[in-house]
Amino acid sequence: MLDTQSDDGYITADGRKIGGVAMEMRNITLRFGGVVAIKDISFDIRWGEIRTIIGPNGAGKSSMLNVISGFYHPQEGEVIYKGYKRPKMKPYQVARQGIARTFQNIALFEGMSVLDNIMTGRMHHMKANMLQQALWWGKAQREEDENRAQVEKIIDFLEIQHIRKTPVARLPYGLKKRVELARALAAEPSILLLDEPMAGMNVEEKEDMCRFILDVNDEFGTTTVLIEHDMGVVMDLSDRVVVMDYGKKIGDGTPDEVRNNEDVIRAYLGVAHD
Amino acid sequence: MSTTETASAALGELCSIPALLARNAKRYGMQAAYREKEFGIWQAWTWAETHAEVRAMALGFLVLGMREGDYVAIIGRNRPALYWAMVAAQSVGAIPVPLYQDAVAEEMAYVLDHCGARFVICGDQEQVDKVLEVQEKVTCIEEIAYLDKRGMRKYDHSHMNWLEDVMREGRAAETRLGAELDRRTSALTLDHTCVMLYTSGTTGKPKGVVLSNRNIIVTSKNSSEFDKLRPGDEILAYLPMAWVGDFIFAIGQAYWTGFCVNCPESAQTMLTDLREIGPTYYFAPPRVFENMLTTVMIRMEDASPLKRKIFHHFMGFARDVGPKLLDGKPVGIGDKLKYGLGNLLVYGPLKDTLGLRRIRVAYTAGEAIGPEIFDFYRSLGINLKQLYGQTEASVFITQQPDGEVRSDTVGVPSPGVEVRIADSGEVFYRSPGTFESYYKNAESTASTKDPEGWVATGDAGFFEEGSGHLRIIDRAKDVGKMADGSLFAPKYVENKLKFFPNILEAVVFGNDRDRCVAFINIDLTAVGSWAERNNIAYSSYQELAGLKRVLDTIQEHVEQVNESVAQDKMLSGCQIHRFLVLHKELDADDGEMTRTRKVRRRIVEDKFADLIDALYAGKDSVYTETEVTYEDGRKGKLKATLELRDAKVFGQTSARMAAE
């Protein structure tokens, strides 16, 4: 076990207890050929907090999220997850480490029902072999019942009972986003990654989504990392914010600290880079 | 009052809802009393289980210090536990006060303060938040309990409890408080207050209608017997719990008869749940039936030509034969066979899709239902009937007996109800269900209910000769007199106009005049889709409303209405002599309508006085300017030249009695 900052976290303004470090990024640099997407960034994510990454377009936010999820492996630096240095992983290993995500462009199975889509989130909780699955026998049946019960809890939680059996293709955008969140939650993740969960939503849908993110955090204690553009949302929602610009970290702290940070203001007002 | 006394005597020990529950737990112990869909599965509770749950909750309320005579507010969507909370409150001698869950905090504050609620039972966090907001002003609230735990962890729980915890504490206190609970429950008599319901009141503050056990139980008994309700019947409880109808159907009749109350999963899943449950007894306002029909028709338009043809053929046939079969009138063997075939191909599957296949009795009430809509359901073989009632009567004033159902009457007086028509045309009633009083409002009580127990409904109506059915024509205050002294009932005519899909709104004028004229608003969706199908271009409501072919169609509708109004001896004076189609839609933003889309007659009359004058002056066209408010609050002016038309009226000579 590598040494991480082993302090015991902090208490938020609204009285929630935030735990120790869940994941630590140490001097991450990520390159695509000659393009440097992320330059020497370090920060940590603590158990139970809502951590937001903001920044202008092209700042490297989505790349950062992919590094967190383990989908990209940085050329330099290391990711410490649950106290261990994380090796390069295959995609299925990525999925099994307890990090679930939603996508900026909705990535659901359009032809399948909402229920089936969410059930796919339970995939790695199904251990029955192919024969058992095919014959609907023994373990397979038991597992399906357990998984369905879990999925129904999430459906109830996100208030999407009325579209349970509706094919995803027929749903409006805001609901699709909610279904994606449901699928991510179905995996019972220890860290939930949300890539622009409110992009393209109207005010009401945004408010709903905010409430769900807060409720999820409150109810299941899920550590949440999100990327968001809407500053109002970010400031209300987050416990701590990382600000990125041109692949570099220019700010890190509570919403108030970030709001008053000179560099952040400059980046958002669009001062010329030379 | 002799009927009331005999009825009371026959009730014996069954003089409260908790007493009925105890009886049901013994008699129907293993039958389902409640079902609720949760986590995708219908969860069921038998009467015996319900009895145990209610007892646990009642004991829990005792632990929290609920006193006899306390008022207990209940706010939330229809869920078994909230119904149990009402009965549990009654068991400890308190009075349940269900509130509308969509009420804003201010309205809630008034009601909570007015009844002095010490306890509030909330469905979920949303309701708790509202109550907490209100609590700054309303000081009477001492304890809050909530049903859904979600999002509640961070709240200050010093005077707040999860309902499940309340019940757990109640179960633990059985030995200590069981005897006290039994004492309180058995002390209940028919004269104790059963429930207090606030009427939404279009004018002024809501009034608390106090209904006694006698009101509720005798009414439930009479009405259950009237429709031969039986244990094993199923209803879907989806209408607001604060509405008297829901209390009568889901508590009164359900406990009297011992049938099962099903609660939908959420408001949006109502139609799916309806289909899964297949209720045998059903109530819905006309709007719900209207929406269902529209959905069916739209889907049929998308069906294959063959299916569409079969559907229309058999529906046309059913329109003639279906109602006759339902009313038990003689039908030829050929028609019977054909109806059977139609049932196999169309009616059966359709009823199944709508979730109405098992219905034995269905009611609609609240406002007038369009004859086409009404006939559609009847022709499918669904026993849809109308009733007329109000909170102050514990619902039932009149209802239609099986076999005497028509779309334009509200039926005969319900069992035990006396109805009389005052000289002014206003309907009065007296019944065992007549409310005790308005809470803390002796003045209103006195002006509504006279010392002999007669209650004014505020509606004008008359009994039809021959059939003895009551017909409601309008609100009493809107009914006037024409210049020649005959009855002027604008809403009666307006409703007939509005039954045409092309007409959205109509306003009829004629009080103190020699003849009636009307303003019409076309329905932009219906007329717009007609224009689209016929390749008629239009750019705005105003342009569409001014098209000659549109006016021709509307004129036909008006004349059809005149023909039907002429058949009515008392109201034939209300035929529309002249009309125009308004150049703008009546809008709440312009103050022409209320937010609930009821026309403000007086304001329309003032605002468009020039148009009314032109109609009466007999002009062919008129130029007018009207101020309008846009959605962003800016004001503008609409200019238009409107065509005024004459409509054919039908003489008294051709009038037949509508009661034929």
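None of these values were measured; they are calculated from a predicted model.

1. Focus: helix 12 (residues 286–301) of chain B
All names here are of chain B.
- An ideal rise of 1.5 Å per residue puts 22 Å on 16 residues; helix 12 measures up with 23 Å between its terminal C-alpha atoms.
- Within helix 12, the full set of buried residues consists of Pro286, Val288, Phe289, Met292, Leu293, Val296 and Met300. All buried residues of helix 12 project into a common sector of 165° when viewed along the axis, lining one side.

2. Notes on the side chain of A:Asn117
All names here are of chain A.
- Considering the arrangement of structural elements, one finds asparagine 117 in helix 3 (residues 114–120).
- When its relative accessible area of 0% is taken as the criterion, asparagine 117 is described as buried.
- Ignoring any residue separated from it by four or fewer positions in sequence, one finds asparagine 117 in contact with Leu108, Phe109, Met112, Val168, Val179 and Arg183.

3. Looking at the environment of A:Gly247
All names here are of chain A.
- Mapped onto the elements of the fold, glycine 247 is located in the loop between strand 11 (240–245) and strand 12 (248–253).
- On the basis of relative accessibility, which here comes to 1%, the residue glycine 247 falls in the buried class.
- Those residues in contact with glycine 247 that lie beyond four places of it in its chain are Ala37, Ile38, Lys39, Ile41 and Ala59.

4. Some thoughts on the pattern of salt bridges
Residues and elements named next belong to chain A.
- For the structure on display, the rule yields 61 salt bridges over all chains.
- The shortest N-O distance in the salt bridge between lysine 85 and glutamate 78 comes to 3.8 Å.
- Of the charged contacts, one joins glutamate 110 and lysine 176 as a salt bridge, the two residues approaching to 3.5 Å between their closest N and O atoms. Taken as a pair, glutamate 110 in the loop between strand 8 (99–102) and helix 3 and lysine 176 in helix 6 (residues 173–186) lie far apart in primary sequence, 66 residues in all.
- For glutamate 110, a relative accessible area of 34% gives the class partly exposed.
- The exposure class assigned to lysine 176 is buried, which follows from its relative accessible area of 15%.
- By sharing partners, the salt bridges in this structure join Asp44, Arg46, Glu49, Arg51, Arg240, Lys249 and Asp252 into a single network.

5. What about the interface of chain A and chain B?
- Taken together, the contact between chain A and chain B spans 14 residues of the former and eleven residues of the latter.
- Taken together, the two surfaces of chain A and chain B that pack against each other cover about 1200 Å², and 43% of this comes from carbon and sulfur.
- The largest share of the area that chain A buries against chain B comes from A:Gln161, A:His162 and A:Asp218, three residues that together contribute 37% of it.
- Scanning the region where chain A abuts chain B turns up three salt bridges.

6. Topic: the domain arrangement of chain A
Residues and elements named next belong to chain A.
- Each assigned domain of chain A is listed with its residue range as follows: domain 1 (1–97 + 225–274) and domain 2 (99–188).
- Computed over C-alpha atoms only, the centres of domain 1 and domain 2 are separated by 28 Å.
- Taken together, the contact between domain 1 and domain 2 spans twelve residues of the former and four residues of the latter.
- Between domain 1 and domain 2, roughly 530 Å² of surface is buried when both sides are summed, and carbon and sulfur atoms account for 53% of that area.
- Put simply, domain 1 and domain 2 have one residue pair in polar contact (both at pLDDT 80 or more) between them.
- Of all the secondary structure elements, the ones that give two or more residues to the side of domain 1 that touches domain 2 are helix 1 (61–69) and helix 2 (91–96).
- No other element matches helix 1, which puts five residues into the side of domain 1 that touches domain 2.
- Residue composition of the side of domain 1 that touches domain 2, grouped by class: six nonpolar, four polar and two charged.

7. Regarding helix 13 (residues 305–326) of chain B
Residue and element names in this part refer to chain B.
- Taking 1.5 Å of rise per residue, the 22 residues of helix 13 would be expected to cover 32 Å, and the 30 Å separating its terminal C-alpha atoms lies within 8% of that figure.
- By the largest-angle criterion, arginine 319 marks the main kink of helix 13, which is about 45°, and a proline, proline 323, follows within four residues.
- Along helix 13, the residues classified as buried are Phe311, Phe314, Met315, Phe317, Ala318, Val321, Gly322 and Pro323.
- Elements in contact with the buried residues of helix 13: helix 12, helix 14 (333–354) and helix 15 (371–379).

8. Here we look at the nonpolar core
Residue and element names in this part refer to chain B.
- The biggest cluster of nonpolar side chains holds 126 residues, and the ones touching the most others in it are Tyr83, Tyr255, Tyr282 and Tyr377.
- Residue contacts for tyrosine 377: discarding those within four places in its chain leaves Phe289, Met292, Leu293, Leu354, Leu356, Ile382 and Leu384.
- Membership of the second largest hydrophobic core comes to 37 residues, among which are Ala531, Tyr541, Cys574 and Val581.

9. A look at the sheet that holds strand 2 (residues 41–46) of chain B
Residues and elements named next belong to chain B.
- Read across the sheet, four strands follow the order 2-1-11-10 without closing on themselves; strand pairing throughout is mixed. If you trace the sheet from one side to the other, it starts and ends with strand 2 and strand 10 (234–236), each paired once. On average, each strand axis in the sheet is tilted by 20° relative to the strand beside it, whichever way the strands run.
- Each of strand 1 (32–38), strand 2 and strand 11 (260–263) is contacted by helix 4 (residues 80–91), which is oriented at about 140° to strand 1, the strand it contacts most.
- Seen against the sheet, helix 11 (residues 270–277) touches strand 1, strand 2, strand 10 and strand 11 and runs at an angle of roughly 175° to strand 10.

10. Observations regarding the sheet that holds strand 26 (residues 576–581) of chain B
All names here are of chain B.
- Taken in spatial order, the four strands of this open sheet run 24-25-26-29, and their pairing is mixed. Each having just a single partner strand, strand 24 (503–509) and strand 29 (645–646) make up the two edges of the open sheet.
- Relative to strand 29, strand 26 runs antiparallel, the two being bridged by two bridges. For arginine 578, the partnering residue across the bridge sits in strand 29 and is aspartate 646.
- Along the sheet, helix 17 (residues 490–498) contacts strand 24, strand 25 (516–522) and strand 26; its crossing angle with strand 24, the most-contacted strand, is approximately 155°.
- In this fold helix 22 (residues 609–617) packs onto strand 24, strand 25 and strand 26, with an angle of close to 125° to the strand it touches most, strand 25.

11. What about the pairing of strand 26 of chain B?
Residue and element names in this part refer to chain B.
- A large share of strand 26 lies buried, amounting to five of its six residues.
- Both strand 25 and strand 26 contribute to a ladder of five bridges, which runs parallel. The residue bridging alanine 518 from the neighbouring strand is phenylalanine 579, located in strand 26.

12. Some remarks on a nonpolar patch on the surface
Residue and element names in this part refer to chain B.
- A contiguous nonpolar surface patch, about 490 Å² in accessible area, is contributed by Leu306, Ile310, Leu341, Leu344 and Leu345.
- Elements supplying a minimum of two residues to the nonpolar patch: helix 13 and helix 14.
- Looking at the nonpolar patch element by element, the count peaks at three residues for helix 14.
- Mapped onto the elements, leucine 345 comes out in helix 14.

13. Observations concerning the packing of helix 13 of chain B against helix 14 of chain B
All names here are of chain B.
- Contact geometry of helix 13 with helix 14 gives a least axis separation of 9 Å together with a crossing angle of 120°. The handedness of the crossing between helix 13 and helix 14 comes out as left-handed. Of helix 14, the residues touching helix 13 (which contributes Ile310, Phe311, His313, Phe314, Met315, Phe317, Ala318, Val321, Gly322 and Leu325) are Asp335, Lys336, Lys338, Tyr339, Leu341, Gly342, Leu345, Val346, Tyr347 and Leu350.

14. Quick word on the environment of B:His577
Residue and element names in this part refer to chain B.
- The topology assignment puts histidine 577 in strand 26.
- A relative accessible area of 26% places histidine 577 in the partly exposed class.
- In this structure, the C-alpha to C-alpha distance between histidine 577 and tyrosine 347, residues 230 residues apart in sequence, is 41 Å.
- Ignoring any residue separated from it by four or fewer positions in sequence, one finds histidine 577 in contact with Arg515, Cys516, Arg645, Asp646, Ala647 and Val649.

15. Things to note about the packing of aromatic side chains
- Under the counting rule described, the total for this entry stands at 22 aromatic pairs over all chains.
- Relative to A:Tyr72, the ring of A:Phe71 lies with its centre 5.5 Å away and its plane at 35°, an arrangement referred to as tilted.
- Look at A:Phe71 and you get exposed, because its relative accessible area is 54%.
- In this structure A:Tyr72 comes out as partly exposed when scored by relative accessible area, which is 25%.
- Between the aromatic rings of A:Phe157 and A:Phe220, the centroid separation amounts to 5.0 Å while the plane-to-plane angle is 50°, which identifies the pairing as tilted. Residue A:Phe157 is located in helix 5 (residues 139–157), and its partner A:Phe220 is located in helix 7 (residues 203–220); the two are separated by 63 residues in the primary sequence.
- We classify A:Phe220 as partly exposed; its relative accessible area is 44%.
- Each member of the aromatic cluster is reached from another via a ring pair, and the members are B:Tyr238, B:Tyr282, B:Phe289, B:Phe376 and B:Tyr377.
- Cation over ring: A:Arg211 sits above A:Phe212, and NZ or CZ is 5.2 Å from the ring centre.
- For the cation-ring pair, B:Lys449 lies above B:Phe435, with the distance from its terminal atom to the ring centre recorded as 5.5 Å.

Each value, and the rule that gives it
Residues numbered from 1 in each chain as written. Chains lettered and ligands numbered in written order. Predicted model: local features only at pLDDT ≥ 70, side-chain atom pairs only at ≥ 80, totals over all residues. Heavy atoms only, no water. Helix = DSSP H or I, 4+ residues; strand = E, 2+ residues; numbered from the N terminus. Expected span 1.5 Å × (residues − 1). Buried < 20%, exposed > 50% of the residue type's maximum accessible area, 1.4 Å probe, protein only. Arc of directions from axis to C-beta. Contact = heavy atoms within 4.5 Å. Salt bridge = Lys/Arg side-chain N within 4 Å of Asp/Glu carboxyl O. Buried area = accessible area lost by both parts, 1.4 Å probe. Domains from an automatic or database assignment. Polar contact = N/O pair within 3.5 Å; in protein donor to acceptor, adjacent residues only side chain to side chain. Nonpolar A, V, L, I, M, F, W, Y, C, P; charged D, E, K, R; others polar. Bend = angle between axes of the 7 residues up to and from the residue. Core = buried A, V, L, I, M, F, W, Y, C linked by side-chain atoms within 4.5 Å. Pairing = 2+ DSSP bridges. Axes fitted to C-alpha atoms, helices over the stretch in contact; angles between N-to-C directions. Patch = residues over 30% accessible without salt bridge, like charges linked within 9 Å, V, L, I, M, F, W, Y side chains within 5 Å. Areas by Shrake-Rupley, 256 points an atom, 1.4 Å probe, with all protein chains shown as cover. Left-handed = near helix turned anticlockwise from the far one by under 90°. Phe/Tyr/Trp six-rings, centres within 6.5 Å; stacked < 30°, edge-to-face > 60°. Lys NZ or Arg CZ within 6 Å of the ring centre and 35° of its normal.

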